[in-house]
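# Observations on the model geometry
These are the residues of each chain, in order.
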Amino acid sequence: MIMRIFIGILFLLISLLAEGQNIGDLFKSMPSELLPGVSEGNKTMLLVDSGETTVPYALGEIKKLRQSNDYLEIKTSDIGTTQWKLLPIEKDSTIICVIKTVCANACDSHISFYTTNWEKIDNNTFLPEISQEIFFDSSKKEMENYKYGVSLQHIYPISAAFSESGSDLTLTFNYKPLLTEDQIAEIKPFLKSDTIVLKWENVSFRQ
């Protein structure tokens, strides 16, 4: 009986610890390959820093931009940022969404998902296919130049961002820096919008 009580208390404590995890705890336990060259001490410094301090990094210096209980954004270079967001899913669990964005000629993001033990999860589980086509109005497929606009090979850059307090994901189609004014004018009539919001519905992102 005493052993059963002890085991019950142990499981309760483990459950409470899991529920109490915030993005800072998970950032500190994150595998080094997700932010190479950043020491445990530097991770701690970034978390407690007010945002004015920079720490050494392989690509220069890194700096915290925004932080809340379930969200963290860090500037990783002059052209790069990384976001970490805790997302609630069914059965009182959470997953981590990581967005790495590079803004060279145009901003482009890579999105990945992990368990709170930092095991990678297939993107298809939580995210619809993201391509330039989701920004185009499919009802205009039969119109002249529609296929031209969709098929331009160098207008793929799509950036993704969370707000500090929300779980919805804003996608931005960054085609303008890569096109001429004439090209922009040709595809503009076929675009629904330059931005799309994917809403988090506790199991996946949906339009």
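Because the structure is predicted, anything quoted here is derived from the model rather than measured. (Residues numbered from 1 in each chain as written. Predicted model: local features only at pLDDT ≥ 70, side-chain atom pairs only at ≥ 80, totals over all residues. Heavy atoms only, no water.)

### With respect to the sheet that holds strand S11 (residues 205–206)
Pairing within the open sheet is antiparallel, and its four strands lie in the order S8-S9-S10-S11. The outermost strands of the open sheet, each flanked by one partner alone, are strand S8 (158–162) and S11. Here strand S10 (residues 195–200) pairs with S11 via two bridges, running antiparallel. Counted as the bridge partner of Trp200 is Phe205 from S11. (Pairing = 2+ DSSP bridges. Helix = DSSP H or I, 4+ residues; strand = E, 2+ residues; numbered from the N terminus.)

### Some remarks on the state of the cysteines
Tallying each qualifying case throughout the model produces one disulfide. Shown here is the disulfide that connects Cys103 with Cys107, its sulfur atoms set 2.0 Å apart. As the torsion about the S-S bond is roughly 110 degrees, the Cys103-Cys107 disulfide counts as right-handed. Take Cys103: its relative accessible area is 29%, and that puts it in the partly exposed class. Among the residues examined, Cys107 registers a relative accessible area of 24% and is labelled partly exposed. (Disulfide = S-S within 2.5 Å. Buried < 20%, exposed > 50% of the residue type's maximum accessible area, 1.4 Å probe, protein only.)

### Quick look at the environment of Asp137
With respect to the helices and strands, the residue Asp137 is situated in the loop between strand S7 (120–121) and helix H4 (146–151). Spatially, the C-alpha atoms of Asp137 and Leu191 are 5.7 Å apart, while their sequence positions differ by 54 residues. Leaving out residues up to four positions away in the same chain, Asp137 has contacts with Tyr146, Phe190 and Lys192. Only 2.6 Å separates the side chain of Asp137 from the side chain of Ser139, close enough to count as a polar contact. (Contact = heavy atoms within 4.5 Å. Polar contact = N/O pair within 3.5 Å; in protein donor to acceptor, adjacent residues only side chain to side chain.)

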